[in-house]
Amino acid sequence: MTTAATEAGPLRGVHRNVAHVMGMPISLALRGLHVDDERAESAWQGCLAVLQAADRMFSTYRHDSVVSRLQRGDVDVADCPAEVLEVLELGERARRESHGAFDVRRPGPDGHLVLDPSGVVKGWAVARAAGALDPLPGTDYCLSAGGDMVCRTQRTGAPPWRIGIEDPHDPGRVVAVVPVHNGAVATSGLARRGAHIVDARTGTTPGDVASVTVLGPDLVWADIDATAAFALGGDALSWLRGRSGHSGLVVWADGTREVFGPTTP
Amino acid sequence: MRRISLWVLSTLSVLVLLFGYHTSTSGPQATGSQTSIYSSGSGSSGSGSSGSGSGSSGSSDSGASGSGSTGSSGTTPPASGSTSSGSKTVTGTVAQTRWGPVQVQLKVSNGKVTNVSVVQYPDGNGRDQEINSQALPILTEETINAQSAQIDMVSGATVTSDGYLESLQSALDQAGL
């Protein structure tokens, strides 16, 4: 489904594409020189190909994914593609930096730890996929996968992308807007999928936070930090304030909103 | 090249009391909030944790060299592919990532991955890139609908394909609002 649009002004003139990969809606907004021509379509297909490749490699739902084979011991880490090692390294770093709240290993049904790098893979894959759009000259893009996104403006003087941060207590509404020229926005919360984020130290879902939004230069770490902060529960905001290069918003369970970032006191 | 001391890597899945586990980015708020976690050796050693941290200082090399003070007992240097009592520790090759070389080690026990550890971290970490006018969220007076917010995209808790049709993003994609 695609809505055609032409140059119409700073907020309009946005051409959109949607597809579904990894069980998530992938939304692309383009504006500028190449929005609905062959180059744009080719770049969009390039994005989807990156995401599909990541899904084949990392999906814990696919019996033949590298991660599933690694889990079963069918393949050694020594024989894994560099991408797998990169993701595992990110996961391990995230675990340490979050004091164990974020972990790519989680207890399986039988109590044994299983490898589930999904918390790293999404942001990592979308960040890579966005690279397929960079070669479009004179074109701004915003690529979102299920609510986590990479924004770029390549045109001089172009307005920022305006990203609405969903109200976790009323997902049809917006609690904040963030203008982004170049950067990533990731939000973790429970509004959509129920209790899928757990504190890996306890195996429970913290109830303190309704959602955490993190802005940063790179979606990989924006996404990891949003998830880790959510898992840290009541410590979310103080932990986020210790992270360099990020800003964002915490919506607490009681609806209180707190912005954090380098220029807030 | 950074190498976390290998001997701490073989400890796994044990409940370890963490003493002095601070990352360089964690600041004062890291104190005392955690007493025990599922540990995987490398992270629990207190030394390895400083290998990443802010990463921007370039001084993290020394931190990763591993003056580990964990009380755990893993002293066996896990050679690549070492096996003991049904478990196996395998060290991957050095992978070149966009942030630098990475080397990962896994411990597999009875067909389960029981430990992930990192032997070598890359030099950069993606957070050090120059930030182009870091934006801050602008709180709305009260929660408002998307149309009056004039937004291009929605960031929220992960929308699945199943839930997409009811989502704000879906409305944006279809109508452009």
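Procedures and definitions
- All residue numbers refer to position in the chain's written sequence, counted from 1.
- Lettering of chains starts at A and numbering of ligands starts at 1, both following the order in which they are written.
- Residues qualify for local features only when their pLDDT is at least 70, as the model is predicted, and side-chain atom pairs are given and counted only at 80 or more; totals for whole chains, interfaces and linings, by contrast, use all residues.
- For the side-chain quantities, the full set of heavy atoms in the structure was used; hydrogens and water were omitted.
- Only DSSP runs of H or I reaching four residues or more are called helices, and only runs of E reaching two or more are called strands; each is numbered from the N terminus.
- Here's how the labels work: a residue is buried when its accessible area is under 20% of the maximum for its type, exposed when over 50%, partly exposed in between, all with a 1.4 Å probe on protein chains only.
- We call two residues in contact when some of their heavy atoms are within 4.5 Å.
- Method for areas: the Shrake-Rupley scheme with a 1.4 Å probe, in which residue coverage is limited to the protein chains shown.
- What counts as a disulfide here is a pair of cysteine sulfur atoms lying within 2.5 Å.
- When DSSP finds two or more bridges between a pair of strands, those strands are recorded as paired.
- To obtain an axis, a line is fitted to C-alpha atoms, over the contacting stretch when the element is a helix, and the angle between two such axes runs from 0 to 180 degrees between their N-to-C directions.
- Nonpolar cores were defined as sets of buried Ala, Val, Leu, Ile, Met, Phe, Trp, Tyr and Cys residues, with membership established by side-chain atoms within 4.5 Å.
- The score called pLDDT rates the predictor's confidence residue by residue, from a low of 0 to a high of 100.
- An angle counts as roughly parallel when it lies under 35 degrees, as roughly antiparallel when it exceeds 145, as roughly perpendicular when it falls between 65 and 115, and as oblique in every other case.
- Crossings are classed by handedness, with left-handed meaning an anticlockwise turn of the near helix from the far one by less than a right angle and right-handed meaning a clockwise turn.
- Residues are grouped as follows: nonpolar covers Ala, Val, Leu, Ile, Met, Phe, Trp, Tyr, Cys and Pro; charged covers Asp, Glu, Lys and Arg; every other residue, Gly included, is treated as polar.
- Within 3.5 Å is the distance limit for a polar contact, defined as a pair of N or O atoms, with the added protein rule that one can donate a hydrogen and the other accept it, and that residues adjacent in sequence qualify only through two side-chain atoms.
- Working definition: rings of Phe, Tyr and Trp (its six-membered ring) pair if their centres are within 6.5 Å, and the pair is stacked with planes under 30 degrees apart, edge-to-face with planes over 60 apart, and tilted otherwise.

### Here's the deal with the overall build of chain A
At step 1: Helix and strand counts for chain A stand at 6 helices and 12 strands.
At step 2: Put simply, chain A has 265 residues, and 60% of those count as buried.
At step 3: In chain A, the share of contacts with a sequence separation of at least 24, taken over all contacts with a separation of at least 6, comes to 54%.
At step 4: For chain A, the accessible area works out to roughly 8800 Å², and carbon and sulfur atoms hold 52% of it.

### Digging into the overall build of chain B
At step 1: Tallying secondary structure elements over chain B gives 3 helices and 9 strands in all.
At step 2: Listed by position from the N terminus, the elements making up chain B come as β-β-α-β-β-β-β-β-β-α-β-α.
At step 3: Burial analysis of chain B (177 residues in total) assigns 53% to the buried set.
At step 4: Residue pairs in contact within chain B that sit at least 24 positions apart in sequence constitute 49% of those at least 6 positions apart.
At step 5: Summing over all exposed atoms, chain B offers an accessible surface of approximately 7500 Å²; the carbon and sulfur share of this is 52%.

### Side note on the state of the cysteines
Residues and elements named next belong to chain A.
At step 1: Counted according to the given criterion, the structure contains 0 disulfides over all chains.
At step 2: You can see Cys142 has no disulfide; the closest cysteine sulfur is in Cys151, sitting 3.5 Å from it.
At step 3: Overall, the relative accessible area of 0% leaves Cys142 in the buried class.

### Quick notes on the sheet that holds strand S6 (residues 148-152) of chain A
All names here are of chain A.
At step 1: Pairing is antiparallel across the open sheet formed by 8 strands, whose spatial order is S1-S2-S5-S6-S9-S10-S11-S12. For this open sheet the edge positions go to strand S1 (15-21) and strand S12 (257-260), each flanked by a neighbour on one side alone. Across the sheet, the mean angle from the axis of one strand to that of its neighbour is 10°, orientation sign disregarded.
At step 2: Relative to S6, strand S5 (residues 139-145) runs antiparallel, the two being bridged by 5 bridges. Looking at S6, one finds that Ala145 is bridged to Asp148.
At step 3: In this fold helix H1 (residues 38-58) packs onto S1, strand S2 (24-32) and S5, with an angle of close to 25° to the strand it touches most, S1.

### Comments concerning the nonpolar core
At step 1: Core analysis: the biggest nonpolar cluster contains 78 residues, and Ile26(A), Phe58(A), Leu70(A), Leu88(A), Leu143(A) and Val212(A) have the highest contact counts within it.
At step 2: Of all the elements, helix H5 (residues 219-232) of chain A adds the most residues to this core, at 11 residues.
At step 3: Not counting residues up to four positions away in its chain, the partners in contact with Leu143(A) are Ile26(A), Ser27(A), Leu28(A), Trp44(A), Cys47(A), Val126(A), Ala129(A), Ala130(A), Leu133(A), Asp148(A), Met149(A) and Val150(A).
At step 4: Core analysis: the next-biggest nonpolar cluster, separate from the first, contains 20 residues, Trp161(A), Val178(A), Ala135(B) and Met153(B) among them.

### Structural notes on the confidence of the model for chain A
At step 1: For chain A, the mean per-residue pLDDT works out to 87, and 92% of the residues sit at or above 70.
At step 2: Below a pLDDT of 50 lies the segment residues 1-11 of chain A, which in the model reaches 26 contacts outside its immediate sequence neighbourhood of four places, other chains included.

### Considering the packing of helix H4 (residues 118-130) of chain A against H5(A)
All names here are of chain A.
At step 1: Across the interface, H4 lies against H5 with an axial gap of 8 Å and an inter-helix angle of 155°. As summarised for this structure, H4 and H5 are arranged roughly antiparallel, according to the angle between their axes. Crossing handedness for the pair H4 and H5: right-handed. Every residue of H5 that contacts H4 at Gly119, Val120, Lys122, Gly123, Trp124, Val126 and Ala127 is listed here: Leu219, Val220, Asp223 and Ile224.
At step 2: A class-by-class count of the residues in the contact of H4 with H5 yields 7 nonpolar, 2 polar and 2 charged.

### A short note on the environment of Ser98(A)
Residue and element names in this part refer to chain A.
At step 1: Mapped onto the secondary structure, Ser98 falls in the loop between helix H3 (82-97) and strand S3 (105-107).
At step 2: Owing to a relative accessible area of 0%, Ser98 belongs among the buried residues under this scheme.
At step 3: Those residues in contact with Ser98, other than ones at most four positions away along the chain, are Ala228, Leu232 and Trp239.
At step 4: Polar side-chain contacts of Ser98 include one of 2.9 Å to the backbone nitrogen of Phe102.

### What to know about the packing of aromatic side chains
Two measures describe an aromatic ring pair: the distance that separates the ring centres and the angle between the ring planes.
Residues and elements named next belong to chain A.
At step 1: Using the criterion set out here, one finds 1 aromatic pair over all chains in the structure.
At step 2: Judged by centre distance (5.3 Å) and plane angle (75°), the ring pair of Phe58 and Trp124 falls under edge-to-face. Linking Phe58 in helix H1 with Trp124 in helix H4, this pair joins segments that are 66 residues apart in sequence.

### Considering the pairing of S2(A)
Residues and elements named next belong to chain A.
At step 1: The element S2 is extensively covered by neighbouring structure, given that 9 of its 9 residues are classed as buried.
At step 2: Sheet topology places S1 next to S2; 7 bridges connect them, and they run antiparallel. Paired with Val21 across the bridge in S2 is Met24.
At step 3: The hairpin formed by S1 and S2 contains 2 residues between the paired strands, and Met22 there has a positive phi angle of roughly 55°.
At step 4: In terms of strand pairing, S2 meets S5 through 7 bridges, oriented antiparallel. Bridging across to S5, Leu28 finds its partner in Leu143.

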